[in-house]
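Spelled out from the first residue to the last, the chains are:
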Amino acid sequence: MNPSVPIIGRRSAGDMVIDGATIPAGIDFAIIIYAMHNDPKLYPEPERFDPERFSDEATAQRQPYSYIPFSVGSRNCIGQRYAMLEIKTILVKLLANYRLLPCEESNSLRIKSDMTLRPVTGAFVKIIAR
């Protein structure tokens, strides 16, 4: 939902047609990953936590590059594999030992975009030992 880098730039390597519009070679364009990951046509109720969105069945029904948290292609994030292993390791340790609950004070998460996407005032959770 909230990729660390919300927008990336690319240059068209060759002529292509997208939704009936011809894009000539050498055109610079932006891919707004944040908007794509929060598009209700691709992800119904995008603000709702739903891990099943990423099941093999759900992924097979979506367009191929509709989820690109680390970009794609020859300029893909060099740290993607390390980041994914790190995330999985931390989540397993956290979820095995603690319950993570939202704080009452944080009704909504406001985000801002600099070079990376991040919470304006942080993301607060209660951590309760299991």
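Residues numbered from 1 in each chain as written. Predicted model: local features only at pLDDT ≥ 70, side-chain atom pairs only at ≥ 80, totals over all residues. Heavy atoms only, no water.

Per an unreviewed UniProt entry, the protein is named AGAP001864-PA-like protein, and its organism is Anopheles sinensis. You can read under Cofactor (unreviewed entry) in the UniProt record for the protein the words "heme". Taken directly from UniProt, the Function (unreviewed entry) text for the protein runs: "May be involved in the metabolism of insect hormones and in the breakdown of synthetic insecticides." (UniProt positions renumbered as here; feature names shortened; annotations may be inferred.)

Caption draft 1: Layout of the side chain of Arg10. Along the chain, Arg10 falls in strand 1 (residues 7-11). We note that Arg10 is buried and unpaired, the nearest opposite charge coming from Asp28 at a distance of 9.9 Å. Among the polar contacts made by the side chain of Arg10, one reaches the side chain of Ser71 at a distance of 2.5 Å. Not counting residues within four places of it along the chain, the set of residues in contact with Arg10 comprises Ile27, Asp28, Phe29, Ile31, Ser71, Val72 and Arg75. (Helix = DSSP H or I, 4+ residues; strand = E, 2+ residues; numbered from the N terminus. Buried < 20%, exposed > 50% of the residue type's maximum accessible area, 1.4 Å probe, protein only. Lys, Arg positive; Asp, Glu negative; His and termini not counted. Salt bridge = Lys/Arg side-chain N within 4 Å of Asp/Glu carboxyl O. Polar contact = N/O pair within 3.5 Å; in protein donor to acceptor, adjacent residues only side chain to side chain. Contact = heavy atoms within 4.5 Å.)

Caption draft 2: Looking closely at the domain arrangement of the protein. Considered domain by domain, the protein is made up of domain 1 (1-77) and domain 2 (78-129). Of note, the centres of domain 1 and domain 2, computed from C-alpha atoms alone, are 22 Å apart. The interface of domain 1 with domain 2 comprises nine residues on the first partner and 10 residues on the second. Interface area, domain 1 with domain 2, both sides summed: about 770 Å², of which 64% is carbon and sulfur. Of all residues in domain 1, Pro6, Phe70 and Cys77 bury the most surface against domain 2, accounting for 56% of the area lost on that side. Between the two partners, domain 1 and domain 2, sit zero salt bridges. Summed over the shared surface of domain 1 and domain 2, the result is four residue pairs in polar contact (both at pLDDT 80 or more). (Domains from an automatic or database assignment. Buried area = accessible area lost by both parts, 1.4 Å probe.)

Caption draft 3: Region of the structure containing the environment of Ala30. Tracing the chain through its elements places Ala30 in strand 4 (residues 28-32). Judged by its relative accessible area of 48%, Ala30 falls in the partly exposed class. Each C-alpha atom, one on Ala30 and one on Ile7, is 6.7 Å from the other, the two residues being 23 residues apart in sequence. Ala30 has contacts with Ile7, Ile8 and Gly9, leaving out every residue within four places of it along the chain.

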